[in-house]
Amino acid sequence: MSETISQSLMRLDAPDKIAGRAKYVADLKMKDCLFALTVRSPIAKGKILQVSLPAMPEGYQVVDHRDIPGENIVKIIYDDQVIFPVDEVKYIGQPILLVVGPDKRIVERLAKAIKIEFREEQPVFAWENSVIRYQFTKGEGDAPFASAANTISYTYTTGYQEQAYMEPQGFIGHYDRGKIVLVGSIQCPYYVKNALIRALACDPDKVRVIQAAVGGAFGGKEEYPSLIACELAVAINKIKKPIKLIFEREEDMLVTTKRHPAQIKLAAAIGADGAIRALRAHVGIDAGADIGLSGVVLSRAMIAATGAYTIDNLAVSGDVYLTNTVPTGAFRGFGAPQMLFAIEMFIEHIAKDLGRDPLAYRLDYLAKQHDKTSTSGVFRDPILMPEMVEKAMAMSGYAAKSERYPREAGYRGIGMSFFLHGCGFTGSGEAKTIKAKVKLEKDSEDLVHILIAAVDMGQGVHTAMRKLVASIMEIPIETVIYDYPDTDQVPDSGPTVASRTMMIVGGLVARAARALKESFIPGQHQVAEEQYVQPDYIKWDEDTMQGDAYPAYSWGVTVVEVAVDPHTYQVNLEHAWSVYDCGKAIDELMVLGQADGGLAQGIAYGCLEVMEHDQGKIRQKNLTDYIIPTASDVPAMTTMLIDNPYPLGPYGAKGVGELTLVGGAPAVAKAIEMAINKRITKIPATPEAIMELIKHG
Amino acid sequence: MVNHLLPETLEEALEALARKQHLLFAGGTDLMVQKRAWAGLPRNFEHPVLFTSRIAKLNFIEKRSDHLAVGATCSLEMMLEYPDTPDLFKTIIGEMASPGIRNHATLAGNIANASPAGDTLVGLYLYDATIVLKSLRGERLVPIADFITGVRKIDLAQDEMITEIRIPHQDFTHIDYVKVGPRKADAISKIAFAGAAKTNDLTVSDIRAAFGAVFKTVLRSPATEAMLKGMRIADIKADLASICEAYARLLQPIDDQRSNKEYRKAVAINLLARFIKSL
Ligand SMILES: Cc1cc2nc3c(=O)[nH]c(=O)nc-3n(C[C@H](O)[C@H](O)[C@H](O)COP(=O)(O)OP(=O)(O)OC[C@H]3O[C@@H](n4cnc5c(N)ncnc54)[C@H](O)[C@@H]3O)c2cc1C
């Protein structure tokens, strides 16, 4: 059946979602449910001197740090994020306490009546407080700078990006005979469960986490839900009643994690022949008030320092800065979009500064199979980029247009980005931290239950996994069951992140399915389990950041064509063309769905989506002011998928979810750059920024 | 207990308004957003709501001898589909909001909301539209530029309501409209520009320019327009720089989370210049 695995099925979750039957967390109701509202810090930094509560009517309570039975820590990676602050606040919008009660009107009134006295302190917004610093080198490092004929340097800047998932963050939870059960809009059921165990100081079987239907997450529901889950669990533990905690859109946009703003300094040592002898890169990212996942984001950004190119000598360093702003966190691409924008623009800018043809110059440096990666690992699998570039150029008419538009100076431009994405967790994450486990269970009616913690958040995993098992076992897809993950039922197959779900978790599921097929006894209850084992040729040294950072890479080429209005400086997206190598599509339509959505999000990151803070306060707090593209803004897209099966992925599949985003921003920025004949070093390239460039260079 | 009203006749509505203060509610596309509350709670309406949608008499659009009359509950989508709606208004409405919103939203609501970025206002100012207000006391006809007195401020007494809008027929030979929004649908204008002129041979007998979102109300300059009237097209074009300067002095755009004043001013003037060059 492997020839037909890519053939598309109707999404199995589609009928319920279209008919409005799917239950998102806000749709879930429980008898005698209470509602929680968060009281937040209005200041960016200071000490809490006193909290004065109004008279609390019967049945209304506050929940704060004193109610936490375990540690006042949200377990992520570093123990620096508190659930509720004891006496100091670090950013505007930091949760201080919950008000809980049965009538929302009264809860709201009480929350407003709570008076908190602060002693304000000078907040830090500048990037000076580095809490994580990484570095690595390749080859001779930056030694060649000493003898370079020429040095070219540019600094690239990227802003916040908001995930703008469909439904805001939220949980509903209840107390079930000594056990706390939470149902929420989440990507990682076990992250939440593990955080709860620590906050409640309880046995693992005293907490249970279930996924509700999720209408999009984009990384925003990776680590952030752990914070509110801890708050809510503490409240349920205290009150022992069902409680619902659901954010409003504005609350969500003001206080939840966003993509890290970055400043990337790049310098190239150029030889007398115009070749790049060495590259020096420094990546600075703004973590906001808590480190959260920032170290991992930073390392993915740094590892992507050479993008889809091979450069022999490298010196890469990076810092995570703490500021008194809303914490940043996971977002589709995870550090790579920032770096790929920078490196893609940089190689182009070097070529332009040297008077070389940018395309020819870039093609010279494209990575090839067996080349060393930025961290001196090896690109083991075939790289089909030359063929993909050729296809993208043919589809888009790139050669003729890129020759004609600059000559005509008619405010039209076409830009092409080359990119890659490392699939799965960075470094030894899969083997050392995640250690994914999956389970297939066949019941006595021969229904096969997929027991994994991977969540469908709109990307189609629900359909893809069932299809995978049905196809391997050669059984009808209707006999394969995959319910919303429930930590009481499923083993920890790891979080639904890092483009790992099909490649890693799907790989294990495929193995289990094969085992189950071989031992199939009709009518008998049977179980097949698998656990992740790192291929032993993969070596990674965490401390020196040397070796194979990823088991496999997906590759892509994106071309975007734009017309810039010379009177309003608005960018019209004319068309986008992409060619992707994601190994093998487990379902072609689903991959194309990821491609369209990812590219729209990537292009919008490059030219549309502005989010800024003013003295620590986010200025764009709703979808009126934060401009994600509508269907009328998204250009027509032509997408081509290239088969390049990865031996360890199911049917050869590699990661796809993030790949489709990371090339969008540089492609659109290059197109705008051609249209206005100026250098773009900052995204989003808004009409305001384009006007500034046209007027003042 | 709050008493919301859903009258079927204008008389009923006017009597209710005369009795006590109500919040008039047409399509609700502004009000439902402005009065939003924590999900699950009722909207924060400070006064009893009077829904106008059932007043059949106000749901019309009609071409009369010297103007187009638009009833207060006529939806923007209905106006878009009406054959005798001037092209300028079809363009404006076609770029407004999105189809779902336009099926509810009304012209009266856009006017009474009096946002400096209200999109139909630019057209209504350009056409010198008149607002018809009714109360039990009688009827008032107020020019749009007098009806809107500031940001979200209108000349409406507590017992009055808008019943119709009159858009005079015009025979412009040139018409230009540009909405500069941050995206192509569901977008609040950063700048809007509408220009119109009537030329015969070499001279301009009428010329108008209206700017949205760069002043506390839509901005027109009667003095500049009067000065240009009767001038030769060639002289107007030769004078382009000083005309642009005159307007630039009047514009008072702001910095906000959607754009900045430099951009708003520069683009508004670019659009004016392009319009004049096109005469
Ligand atoms: C997603 C979205 C996109 C939008 N896009 C745009 C856009 O592109 N451009 C734009 O200009 N606007 C836009 N809007 C705003 C809104 O749709 C318009 O202003 C619309 O015309 C309001 O009409 P309504 O009938 O819905 O007004 P309502 O919300 O019912 O009322 C608006 C105001 O008018 C008053 N009012 C209503 N009827 C009367 C009457 N008969 N007499 C006196 N006062 C009255 C109300 O009391 C209220 O103050 C958008 C809104 C949304 C939600």
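Residues numbered from 1 in each chain as written. Chains lettered and ligands numbered in written order. Predicted model: local features only at pLDDT ≥ 70, side-chain atom pairs only at ≥ 80, totals over all residues. Heavy atoms only, no water.

Okay, the overall build of chain A next. Broken down by element type, chain A carries 17 helices and 28 strands. Radius of gyration (C-alpha) of chain A: 25 Å, near the 26 Å computed for a compact globule of 697 residues. Projecting the C-alpha coordinates of chain A onto the three principal axes gives extents of approximately 80 × 70 × 45 Å. The buried share of chain A, reckoned over its 697 residues, is 62%. Of the roughly 25,200 Å² of accessible surface on chain A, a fraction of 51% belongs to carbon and sulfur atoms. Charge centroids of chain A, computed over 72 positive and 86 negative side chains, lie 2 Å from each other. (Helix = DSSP H or I, 4+ residues; strand = E, 2+ residues; numbered from the N terminus. Rg over C-alpha atoms; globule rule 2.2 N^0.38 Å. Buried < 20%, exposed > 50% of the residue type's maximum accessible area, 1.4 Å probe, protein only. Areas by Shrake-Rupley, 256 points an atom, 1.4 Å probe, with all protein chains shown as cover. Lys, Arg positive; Asp, Glu negative; His and termini not counted. Charge placed at Lys NZ, Arg CZ, Asp CG, Glu CD.)

Attention shifts here to helix α7 (residues 336-354) of chain A. Under the 1.5 Å per step criterion, the end-to-end length of α7 of chain A is 27 Å for 19 residues, consistent within 8% with the ideal 27 Å. G355 of chain A sits one or two residues past α7 of chain A and shows a positive phi near 70°. (Expected span 1.5 Å × (residues − 1).)

Residue and element names in this part refer to chain B. The strand order across the open sheet built from five strands is β3-β4-β9-β5-β6, with neighbouring strands paired in antiparallel fashion. If you trace the sheet from one side to the other, it starts and ends with β3 (61-63) and β6 (138-143), each paired once. On average, each strand axis in the sheet is tilted by 20° relative to the strand beside it, whichever way the strands run. Seen against the sheet, helix α1 (residues 10-19) touches β5 (130-135) and β9 (161-168) and runs at an angle of roughly 120° to β9. (Pairing = 2+ DSSP bridges. Axes fitted to C-alpha atoms, helices over the stretch in contact; angles between N-to-C directions. Contact = heavy atoms within 4.5 Å.)

Each side of the interface is counted separately: chain A has 33 residues, and chain B has 28 residues. Ranking the residues of chain A by area buried against chain B places K104, H567 and E688 of chain A at the top, with a combined share of 24%. Put simply, K190 of chain B and E688 of chain A hold a salt bridge, and the shortest N to O gap is 3.0 Å. Along the contact surface separating chain A from chain B lie 17 residue pairs in polar contact (both at pLDDT 80 or more). Put simply, the parts of the chain that give the side of chain A that touches chain B at least two residues each are β1 (34-40), α2 (104-113) and α17 (687-696) of chain A. In terms of residue class, the side of chain A that touches chain B is made up of 14 nonpolar, nine polar and 10 charged. (Buried area = accessible area lost by both parts, 1.4 Å probe. Salt bridge = Lys/Arg side-chain N within 4 Å of Asp/Glu carboxyl O. Polar contact = N/O pair within 3.5 Å; in protein donor to acceptor, adjacent residues only side chain to side chain. Nonpolar A, V, L, I, M, F, W, Y, C, P; charged D, E, K, R; others polar.)

All names here are of chain A. Split by domain assignment, chain A resolves into domain 1 (25-123 + 164-255), domain 2 (262-426 + 546-696) and domain 3 (429-531). The C-alpha-based centres of domain 1 and domain 2 are spaced at 36 Å. Across the contact, 23 residues belong to domain 1 and 29 residues belong to domain 2. Contact with domain 2 buries area across many residues of domain 1, yet F218, M253 and L254 alone supply 27% of it, more than any other trio. There are two salt bridges connecting domain 1 and domain 2. Between E250 and K621 there is a salt bridge; the shortest N-O distance is 3.8 Å. Our count for the contact surface shared by domain 1 and domain 2 stands at eight residue pairs in polar contact (both at pLDDT 80 or more). Taken together, the residues of the side of domain 1 that touches domain 2 sort by class into 13 nonpolar, three polar and seven charged. (Domains from an automatic or database assignment.)

Now for the state of the cysteines. Residues and elements named next belong to chain A. Scanning the entire structure with this criterion turns up zero disulfides over all chains. In this structure C33 is not part of a disulfide, and its nearest cysteine sulfur, from C230, lies 19 Å away. Unpaired in this structure, C202 has its nearest cysteine sulfur neighbour in C230, at a distance of 10 Å. (Disulfide = S-S within 2.5 Å.)

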